[in-house]
Amino acid sequence: LQAKWIFGESQETILTNCTKNGYDVAIFLDQTAASKHLCTICKGVMKYATMIGCDTDHIFCENCVQILFGDGQQAKCPSDQQCVEKKNIRSCKYVDRIIAELQIKCPLQFKHVQRSCDWQGPLGQLNDHYAQCGLASINCDECKQSCLRMDVEAHKKDE
């Protein structure tokens, strides 16, 4: 898969939405608890947990499952090599709720290592946090240039 951070290569490459695949374990306060919910395809904490219909009900990230099946109607389970059919895919809302309750730190602090965000909270509140986080990139309403929310006022003065 294309997102290098998912494989633990660099915390600095954690993106705003943690990309389309799983969340990096590094953002979780209790990494042991988060590691119980890893997608074996992308190695991240599952994002939109999805069962593929094998006999042992293996669960992966929704996007990883989409990549696994591609345009086909059948694939092999990456965990046990059992043939599975696309029609048997189903979401795991219960697992999603468990993961959403896990406590995290702001992922943007890994992207902007010289800056700080002290926010900690449940993963399920991350989008609400991004709406006010000083490390979030926003477009200046005057020139449309992208800058950090915490820098927008200084940016406007510099124009």
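Predicted model only: the values in this text are computed from it and were never measured.

Now for the overall build of the protein. Each helix and strand in the protein was counted, giving six helices and nine strands. Within the protein, the proportion of its 159 residues that are buried is 40%. Here the analysis covers contacts within the protein between residues at least 6 apart in sequence; of these, 40% occur between residues at least 24 apart. Summing over all exposed atoms, the protein offers an accessible surface of approximately 9200 Å²; the carbon and sulfur share of this is 46%.

Next up on the list: helix α2 (residues 62-69). Every buried residue of α2 is accounted for by N63, C64, V65 and F69. Structurally, α2 contributes buried residues whose contacts are with β1 (49-51), β2 (59-61), β3 (74-76) and β4 (83-85). Note on α2: the residue one or two positions beyond its end, G70, has a positive phi of about 55°.

Okay, unusual backbone geometry next. A positive phi angle is found at K43, which is not glycine, with a value near 70°. By the secondary structure assignment, K43 is in the loop between α1 (31-35) and β1. The partly exposed category is assigned to K43, whose relative accessible area is 43%. Backbone geometry places Y48, a non-glycine residue, at a positive phi of 60°. Position of Y48 relative to the elements: it lies in the loop between α1 and β1.

Before going further, it helps to spend a moment on the pattern of salt bridges. Inspection of every chain in the model, using the stated rule, returns three salt bridges. In this structure, R90 and D57 form a salt bridge, with 3.3 Å as the shortest nitrogen-oxygen distance. On the criterion of sequence distance, the pair formed by R90 in strand β5 (residues 90-91) and D57 in the loop between β1 and β2 is long-range, its members being 33 residues apart. With a shortest N-O distance of 3.1 Å, R115 and D151 are connected by a salt bridge. Of this pair, R115 sits in the loop between α4 (108-111) and β7 (120-122) while D151 sits in the loop between β9 (146-148) and α6 (152-158), and the two are 36 residues apart along the sequence.

Before going further, it helps to spend a moment on the sheet that holds β2. Spatially, three strands are ordered β2-β1-β5 in an open sheet, and the strand pairing comes out antiparallel. If you trace the sheet from one side to the other, it starts and ends with β2 and β5, each paired once. Looking at chain direction, β1 and β2 are connected through three bridges and run antiparallel. Residue pairing across strands places M51 opposite I59, the latter belonging to β2. Across the face of the sheet, α2 comes into contact with β1 and β2 while running at roughly 95° to β2.

Moving on, we get to the confidence of the model for the protein. With 87% of its residues at a pLDDT of 70 or more, the protein shows a mean pLDDT of 84. α1 holds the highest mean pLDDT among the elements of the protein, 97, whereas α6 holds the lowest, 79. Contacts for the low-pLDDT stretch residues 1-19, under 50 throughout, to residues beyond four places or in other chains number 48 contacts.

What counts and what doesn't
- Residues numbered from 1 in each chain as written.
- Predicted model: local features only at pLDDT ≥ 70, side-chain atom pairs only at ≥ 80, totals over all residues.
- Heavy atoms only, no water.
- Helix = DSSP H or I, 4+ residues; strand = E, 2+ residues; numbered from the N terminus.
- Buried < 20%, exposed > 50% of the residue type's maximum accessible area, 1.4 Å probe, protein only.
- Contact = heavy atoms within 4.5 Å.
- Areas by Shrake-Rupley, 256 points an atom, 1.4 Å probe, with all protein chains shown as cover.
- Salt bridge = Lys/Arg side-chain N within 4 Å of Asp/Glu carboxyl O.
- Pairing = 2+ DSSP bridges.
- Axes fitted to C-alpha atoms, helices over the stretch in contact; angles between N-to-C directions.
- pLDDT = per-residue confidence, 0-100.

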